Amino acid sequence: MGLDLRIPIGALFLCYGLLLGGYGLLWPQIVQDINVNFVWGIVLAVFGAVMLLLARQTGRGAPPSNSA
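Remember, predicted model here, so these are calculated numbers, not experimental data.

1. So, the packing of aromatic side chains
Now for step 1: In total, this model carries two aromatic pairs according to the counting rule given.
Now for step 2: Consider the rings of phenylalanine 13 and phenylalanine 47, whose centres lie 4.9 Å apart with planes at 80°: the pair is edge-to-face. Of this pair, phenylalanine 13 sits in helix H1 (residues 6-26) while phenylalanine 47 sits in helix H2 (residues 36-58), and the two are 34 residues apart along the sequence.
Now for step 3: The exposure class assigned to phenylalanine 13 is partly exposed, which follows from its relative accessible area of 28%.
Now for step 4: Among the residues examined, phenylalanine 47 registers a relative accessible area of 38% and is labelled partly exposed.
Now for step 5: Measuring from ring centre to ring centre gives 5.4 Å for tyrosine 23 and tryptophan 27, while their planes differ by 45°; the resulting arrangement is tilted.

How each quantity is defined
- Residues numbered from 1 in each chain as written.
- Predicted model: local features only at pLDDT ≥ 70, side-chain atom pairs only at ≥ 80, totals over all residues.
- Heavy atoms only, no water.
- Phe/Tyr/Trp six-rings, centres within 6.5 Å; stacked < 30°, edge-to-face > 60°.
- Helix = DSSP H or I, 4+ residues; strand = E, 2+ residues; numbered from the N terminus.
- Buried < 20%, exposed > 50% of the residue type's maximum accessible area, 1.4 Å probe, protein only.

In structure tokens, the structure reads:
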């Protein structure tokens with residue numbers, strides 16, 4: 001089957017992470033000396049990038065067999 005959910009999930013988290021990180025840089029929310037929006041934006045972006053990387057690496061394997 002050709003459906004790999006890591007691609008849209010990774011893209012979604014990467015976009016949300018970049019948006020939230022940018023928002024955190026422009027309008028910081030400081031809680032106990034930590035810019036919360038920026039930190040969580042980076043966490044989301046890294047998670048999305050890892051998901052996209054895993055989806056890309058999985059696609060490089062052997063082609064699926066047609067044993068129907």
